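Notes for the structure review
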Amino acid sequence: MIQTRGLAYRYPGGALLRFPDVDVPQGTVLLLSGPSGCGKSTWLALVAALVPPTEGTLQVAGQALDALKNSAADAWRARAVGFLPQKLHLSAALSVQQNLAMAQWASGVAQDPVRIRDALTKLGVAELATRLPSQLSGGQAQRVALARAVLLQPQVILADEPTGSLDDAAAADAVHLLLVTAQTQGATLVIATHDARVARLIPPKLHGQNGFQPLYLKG
Ligand code: ADP
Ligand code: MG
């Protein structure tokens, strides 16, 4: 779940960005949209406890984030949040499999090749395990980054512009994979995007079950 109240953030020297209150029940989908520069990536950074709010409070996966200080925020994020960043940040010198192993290492959990294999298999990229990121297509790289994001079965999955550089078919694939992965894990999913294609890719049945809500930021 994600709950925000009176949330606002100011970059040094910038204007105060204010965000509408939201309640996103566990296991549901939030589509965060709006034009470039309206604050979508900033909102994700707040929800991931990467930055503290200038104003307001938020609860994410049962945790009040204002109660978390630096190292506690890092530990919480590693456990609770799966982040699919806009720029994927796969390490160029490491294979797909090693990139996932590094994510386990960075999160302080034991190396677990079986779990890595399982995550790659679920996302249909197990056969790419020994490739370098430079040997992957855009869609494949994104599947790998998503496998890495959900490796520790986070309660919240945050995807920043997941369709940005993808053609229509790969974009449809990416949105479908995010929805299926979140649903399989019972995770709350946030897709932040300025891409109008994404709203059309959310299946109508999700709308009907209160499993989905849009949040439009005007900026
Ligand atoms: P979006 O993801 O919707 O495109 P962002 O959250 O990246 O929007 O940015 C929101 C606003 O904050 C924009 O006006 C942007 O220029 C500004 N901004 C983003 N990052 C920084 C930063 N590191 N320092 C100062 N201003 C920033
Ligand atoms: Mg952004």
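In this text the structure is predicted, and so the values were computed from the model without any measurement. (Residues numbered from 1 in each chain as written. Chains lettered and ligands numbered in written order. Predicted model: local features only at pLDDT ≥ 70, side-chain atom pairs only at ≥ 80, totals over all residues. Heavy atoms only, no water.)

1. Considerations on the overall build of the protein
The number of helices and strands found in the protein is eight helices and ten strands. Taking 17 Å as the expected radius of gyration for a compact globule of 219 residues, we find that the protein reaches 17 Å, a close match to that expectation. Counting only C-alpha atoms and orienting by the principal axes, one finds that the protein spans roughly 45 × 40 × 35 Å. The proportion of buried residues among the 219 residues of the protein is 47%. The contacts of the protein with a sequence gap of at least 6 include a subset with a gap of at least 24, amounting to 72%. When the accessible surface of the protein is summed, it comes to about 10,700 Å², and 54% of that surface belongs to carbon and sulfur atoms. A distance of 2 Å separates the average location of the 18 positive side-chain charges in the protein from that of its 14 negative side-chain charges. (Helix = DSSP H or I, 4+ residues; strand = E, 2+ residues; numbered from the N terminus. Rg over C-alpha atoms; globule rule 2.2 N^0.38 Å. Buried < 20%, exposed > 50% of the residue type's maximum accessible area, 1.4 Å probe, protein only. Contact = heavy atoms within 4.5 Å. Areas by Shrake-Rupley, 256 points an atom, 1.4 Å probe, with all protein chains shown as cover. Lys, Arg positive; Asp, Glu negative; His and termini not counted. Charge placed at Lys NZ, Arg CZ, Asp CG, Glu CD.)

2. Quick notes on helix H2 (residues 70-80)
Within H2, burial applies to Ala73, Trp76, Arg77 and Ala80. Seen along its axis, H2 keeps its buried residues to an arc of 100°; they face one direction. Opposite the buried face of H2, at more than 90 degrees from it, the exposed residues are Ser71 and Arg79. Buried residues in H2 make contact with helix H1 (40-47), strand E5 (55-60), strand E6 (63-64), strand E7 (81-84) and strand E8 (156-160). (Arc of directions from axis to C-beta.)

3. Examining the site of ligand 1
By nearness alone, every residue bordering ligand 1 is listed as Tyr11, Leu17, Pro35, Ser36, Gly37, Cys38, Gly39, Lys40, Ser41 and Thr42. Separating an oxygen atom of ligand 1 from a backbone N or O atom of Cys38 is a distance of 3.3 Å. Here an oxygen atom of ligand 1 sits 2.9 Å away from a polar atom, N or O, in the main chain of Ser41. Relative to its unbound accessible surface of 560 Å², ligand 1 loses 55% to contact with the protein. Per element, the largest residue contribution to the shell around ligand 1 is three residues, and it comes from H1. (Near = heavy atom within 4 Å. Polar contact = N/O pair within 3.5 Å; in protein donor to acceptor, adjacent residues only side chain to side chain.)

4. Focus: the sheet that holds E7
Pairing within the open sheet is parallel, and its five strands lie in the order E7-E8-E9-E4-E10. The strands lining the two open edges of the sheet, one partner per strand, are E7 and strand E10 (212-216). Neighbour-to-neighbour, the strand axes of the sheet open up by a mean angle of 15°, direction not taken into account. Contacting E7 and E8, H2 runs over the sheet at an angle of about 80° to E7. (Pairing = 2+ DSSP bridges. Axes fitted to C-alpha atoms, helices over the stretch in contact; angles between N-to-C directions.)

5. Description of the nonpolar core
Judged by nonpolar contacts, the single largest core of 39 residues is most densely connected at Leu100, Leu120, Leu178 and Leu189. Looking at this core, the elements with two or more residues in it are strand E4 (29-33), helix H3 (96-106), helix H4 (113-122), helix H5 (138-149), E8, helix H6 (168-185) and strand E9 (188-193). Discounting residues that sit within four places of it in the chain, Leu120 has contacts with Val96, Leu100, Val125, Ala126, Ala129 and Ala147. With 30 residues, the next largest nonpolar core counts Phe19, Leu58, Leu65 and Leu158 among its residues. (Core = buried A, V, L, I, M, F, W, Y, C linked by side-chain atoms within 4.5 Å.)

6. Some thoughts on the pattern of salt bridges
Within this structure, the stated rule accounts for seven salt bridges. The partner of Asp23 in a salt bridge is Arg5, and the shortest N-O contact between them spans 3.0 Å. Of the two residues, Asp23 sits in strand E3 (residues 22-24) while Arg5 sits in strand E1 (residues 2-10), which places them 18 residues apart along the sequence. By relative accessible area, which is 39% here, Asp23 ends up partly exposed. Residues participating in the shared-partner salt-bridge network are Asp168, Asp195 and Arg197. (Salt bridge = Lys/Arg side-chain N within 4 Å of Asp/Glu carboxyl O.)

7. Some details on the pairing of E1
Of the pairings in the sheet, the one linking E1 to E3 comprises three bridges and is antiparallel in character. Looking across to E3, one finds that Gln3 is bridged to Asp23. Here five bridges tie E1 to E5, and the two strands are oriented antiparallel to one another. In the strand pairing of E5, Ile2 is matched with Val60. Relative to strand E2 (residues 16-18), E1 is paired through three bridges, and the arrangement is antiparallel. Looking at the pairing, Ala8 lines up with Arg18 of E2. The hairpin formed by E1 and E2 contains five residues between the paired strands, and Gly13 there has a positive phi angle of roughly 80°.

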